[in-house]
Structures are given as structure tokens and as C-alpha cells.
Amino acid sequence: MERRSDLLKACSPQVPSLYAPGGFTRDDLSKPHILLHSTQGEAHPGSYHLGKLVEQARLGISIAGGTAFKYTTSDVCDGIAQGHDGMNYPLASREFIASMIEIYANTHAVDGAVLISSCDKGLPACLVAAARLKDALPVVIVPGGSNEPGPCYLMEGDVGKGHGQVQAGMMKPEEFSFIQDHTLPCDGACQFMGTASTMQVMTEALGLAPPTAALSPATMRYVLNNARNAGHMVMNLFNKGIKIKDILTEGSLRNAVVIHQATGGSTNGLLHLPAIAHAAGLTFDVTMFDELGQQTPYLTNIHTAGQYASRQFWFAGGVQRIIQILAGSGLLDMDALTVTGKTVRENLADVEKTDFFHMGEGYLGNYATVDGTRRLQRTDVVRTPDDPKSKKGSVSVLKGNLAPDGSVFKYSACDPAMYEHVGRAVVFESEEDCFAAVTGLKLEPGDVAIVRNEGPRSCGMPELFLTSSAIVAIEKYRASIALVTDGRFSGATAGPVIGHVSPEGASGGPIALVQNGDIVEISLKKRGLNIIGVAGERKTPEEIDTILAERKSKYVPKPPKYTGGILGAYTQLAVSAAKGAYMGRIGEV
């Protein structure tokens, strides 16, 4: 079989001498060359342990007849970046991690790749890189697994809420210290259905991870088995000539959207899937989340919109359980190919022949329910279609004169009282100012806080997690005020918050034109986000259009915050959040 690595023999006479000091022999170099990349590092619990997975994947590759070459591009932690300008970097880091993987794969002409990561930007970067390499390689992605809940079902998402309560004088500092000290007891991605957990689920749903791999406990042997199996899988794909273009298709993207909605995935999934699709050259419209969400039951009870932890979702059957439940619904492409070389349907049949589901439910019995009254059961964590958490999905796309290209509302984590809301706009030019107003109790019930100039072209699109958490933490606000921004939110976010407003302020979108006292309407029923009045007085849509046009004629954009370095490059080239906020061509928006 023709190999990309054969190019090295023909063009690079230095190859044997350059690999020899690493212990690689001529026999090693005669085998298929497999890139083994991880985001291992000391940035967060999702990266600490990945070296163990790398060694297992290397062993699997070797047993299956390949030679693995290890590479590392460590990712960063959104949680550590919260509350300062460091939060402007994580989304941009997705582009650069993906680029380094692409560079490694093409510079060294590898024949296949195993990519290992756990968290918010590392996993999307692996997916984007795989999509870019779609015509060249087989790629298998190994999610790094999930953390254990802390005492009394503490989750990492509780930290933001506690911080907001401390700032508002509603929690004692020593109580907050307990949460900080005990919320993450081990290695693995944060335990709620945040971006890390969501992207692990998306990776398996796309068919790019071994079946049952998403959210397996990072501290148990199963995650090591996944990594070992990935080594065998990539060699099997290589031998069969199956590449990423055969797996990453419109059908697999549809599967990912359906499973996202069924599991209450993070709003950041609506940034990453469009970027992955773009990298693969596939047509994708973010409104697919809304269209399929209206047909998909929301089945899981996972923090922050629910009660239980991500590894408990895995014990309840994980992604394969969701596929099993929805297999006959017509929503999933059961014939989509996966990294096993088999279809989604065949993988499910194989899993059902094992003791995976039986084993998981046995582990669930080791836990009590949140109220402590009985042992935890599967249906506490994964509901049935007859008794779903909601008959419709979990995330919606709202459009209107405030967001012509769309905005994202995770209504499953919001009090239903805020599904329909009309309020007075209170405009902030930064999250810091909004956070101070919220924790200082300066807003009035009914207000709509507008935070702008936080989009990808403005400053890199930071999360506004601290502010959204503070709103939920303050009882008088959690079902009375809304937050609307062209920035984004953490997967831990709950409450009446709407992000990804597009076009963003830096691109001259209507959010840049909102003024204090405008009347803003949020309507889940109408899928609308609109300015419906000015200075407290309602206007017709035509009058609003005229007013916004007049404001735009006088609008002076803010100068770029970053003109050099990584963020200088990213903010100049980033496209709309509605398209995935990837780095596009000059002039593309």
C-alpha cells in the first residue's frame, strides 16, 4: 500500500540519522508512521494524566504494526483564564493547536494519527485538525475522560456561582474555600456538561472516537483501554484505506447536533461544529441546532442544567445509550461510518453484545441520589423518550434586528419564566463593568444587560462566565434580568443569558448601536431577539429600522484592542461566531 511516509525515503536522506537518537531503528521506519499527539501538560485536570493514554495508544499502534511518534501541544484552561484578559486567548488557541497538528502531520508526512485531549479547546482543535487532513489520513481521537464529583455532589460549575455569592455578600469566604478545595478530586475533565464534556460527546457522536470513549472515568482503566484500542483502530483504518473524509460527513454532523440537543450540550458546541464543518469543506448552518432541537427530546439530567455528573452519564450508558434510545427515531444517520471501520448501527450492536451497559448500571448503584434517599438508577441520569427532561432540545438560535445572523440561548438551563421577556437595555462596554453592576445589585428586575465588544473580532471572544454565574447566584436576578452579549459563555453557564450575537459589535452589528433605555424583547417561542422600543417607548419594526440606520450612520467603531501577536492575527481574521469564529480569509466575516 502506498504510504505518505514513503516520500521521506525519496526526498529526505537525513531521516534515518535524525530519528536514530530517539531509538528509532530502520525497521521502525519501514512501518507506517503514526502521529501520536496529545495536549498533555499541567494546565488543568483534563491534561495532567494524558501521558498515560499516550503510552497505551503507542502500544496499540506498535502491536498493530505501526510506529508512533509522540508530539505535544498543550492546551490552556478556560477556568484559570476567567476574570482577566487571559480569557481572550482560549478560543484563538483552538486555531493554533489545530495548526500545529496540521504542521506536524504534513511536515513529517505521517500515514495516520491518534490525537488525545480532554477539554474545551484541545478537543475542538483535534477535530478541526482532523477535518483539515480529511483527504490525507485516517485519524482517531481519544477523549481524556471525566472527573469525579466532589463531596455532596459538588461540581466545578459551583465555583462560579459561589464566587458571585461571595462578591454579593451572600456566602461566607470559608464556605467558598471549601468549594474551591474539594470540587475537583482527581484527573479528568470537569464533571458538568460544560464544553469539555460536550466536545467529548461530540467527538464520539461524529464517529471520530472509539465507541463508549466519551466521558469514561479518567481515573479508571477504561480510559486506558480506549487509548490502546485507538492504536489498533488507526492501523485498521490505514490498512483499509479509510480516511477522515469517509467518516466526517453531513450525516455525522447531523448525528452530533442531535446528540448535542439530547444531552444538553454547551453553547460552545455551536462555535466548534461549524468550524469543524468548514475545515472539512462541508455545508453547515448553525440553525440546524434549532431545527433538529425541535424534534429531539432532551434526555439527560447532568449538571449544570441537571443534578448528576458526567461520569455518571457514562455509567448510565453515555453516548451509546443515547444512540440506542434514538436509533429508531429517524433523527440519526445509523449508517454513518466511524473510526472502527463500522457504522454507528454496527457499533451499537457490538456494544450491546458486551457487558458495558450492565457494568455501568452496576457502578451507578455505588452512588446515592442527590437527596440521599436511594441508590442512583439509570433513569435518574438518562431519561426515556416517554419521560424526557424536555420534549424538545436544549439550545435555541434566536434571530432578529438585534442579531440578524443569530444568537444562542441555552434555555434548558434557564428558568422558564425568562423564555419570554421584555426589558430595559442597560449597556456595558466590558464584562468587568457588568459584573460589578450585578454583584453590586445595581440592576433592576426586568433589565436586559447588554455587554458588547466581546466578540471574536473585537478581543478573541472571551467567556462571560463570572457574570452569568453571579446572575444565577443572586435570587432576585436569576429569573428577572437577562444578559445579552456578542461574547460567549462557559459550558457551566445557566440562567437567562444569550451569547454569540452576530454580527458582533466590532463588525458593526446592531448590538453596537443599542442605547440605554431601549426596549429589548427575548422570545423563545418566536425565536426572536429584537429591539422593540426606544427610551422606554415601543416602536414599530419600521421605526426601529430607521432609528438603527440613523445610529449606524453616526457610529464610530472602537479601535482594535490587539494589533500584534497571536490575538492581533486572530482578531483580524476571525469570522462571525455564527460561522464558527475560525480564522478565515482577509475580508471574510
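Now for a quick tour of the structure.

### Remarks on the overall build of the protein
- Across its full length, the protein carries 26 helices and 13 strands.
- Expressed along its principal axes, the backbone C-alpha trace of the protein runs to roughly 75 × 60 × 50 Å.
- When the 589 residues of the protein are sorted by exposure, 62% land in the buried category.
- By sequence separation, contacts in the protein at least 24 residues apart represent 76% of the contacts at least 6 residues apart.
- For the protein, the accessible surface area stands at approximately 21600 Å², while carbon and sulfur atoms represent 52% of it.

### Digging into the pairing of strand S8 (residues 448–451)
- Residues Val448 and Ile450 line one face of S8 and the alternating positions Ala449 and Val451 line the opposite face, and both faces are buried.
- Of the pairings in the sheet, the one linking strand S7 (residues 420–428) to S8 comprises four bridges and is parallel in character. Paired with phenylalanine 428 across the strands is valine 451, a residue of S8.
- Note: S8 against strand S9 (residues 482–485), four bridges, orientation parallel.

### What to know about the nonpolar core
- Residues Val114 and Leu273 are the most contacted members of the largest nonpolar core, which totals 116 residues.
- The greatest single-element share of this core, amounting to nine residues, is contributed by helix H12 (residues 221–240).

### A short note on the side chain of histidine 303
- Structurally, histidine 303 is set in the loop between helix H16 (288–293) and helix H17 (310–315).
- Note on histidine 303: relative accessible area 14%, which makes it buried.
- For histidine 303, the side chain forms a polar contact with the side chain of aspartate 158, separated by 3.5 Å.
- Once residues lying within four places of it in the same chain are set aside, the contact partners of histidine 303 are Met155, Asp158, Phe192, Met193 and Tyr308.

### Describing the pattern of salt bridges
- The full count for this structure, using the stated rule, is 26 salt bridges.
- With its nearest N and O atoms 3.9 Å apart, the salt bridge here joins glutamate 95 to arginine 132. Residue glutamate 95 is found in helix H7 (residues 90–107), and its partner arginine 132 is found in helix H8 (residues 122–132); the two are separated by 37 residues along the sequence.
- Residues arginine 527 and aspartate 290 are paired through a salt bridge, measuring 2.9 Å at the closest nitrogen-oxygen approach. In this pair, arginine 527 is assigned in the loop between strand S11 (519–523) and strand S12 (528–534) and aspartate 290 in helix H16, connecting sequence segments 237 residues apart. Taken as a pair, arginine 527 and aspartate 290 share a single burial class, namely buried.
- Shared partners join several salt bridges into a network, and the residues in it are Asp78, Lys121, Glu463 and Arg488.

The rules behind the values
Residues numbered from 1 in each chain as written. Predicted model: local features only at pLDDT ≥ 70, side-chain atom pairs only at ≥ 80, totals over all residues. Heavy atoms only, no water. Helix = DSSP H or I, 4+ residues; strand = E, 2+ residues; numbered from the N terminus. Buried < 20%, exposed > 50% of the residue type's maximum accessible area, 1.4 Å probe, protein only. Contact = heavy atoms within 4.5 Å. Areas by Shrake-Rupley, 256 points an atom, 1.4 Å probe, with all protein chains shown as cover. Pairing = 2+ DSSP bridges. Core = buried A, V, L, I, M, F, W, Y, C linked by side-chain atoms within 4.5 Å. Polar contact = N/O pair within 3.5 Å; in protein donor to acceptor, adjacent residues only side chain to side chain. Salt bridge = Lys/Arg side-chain N within 4 Å of Asp/Glu carboxyl O.

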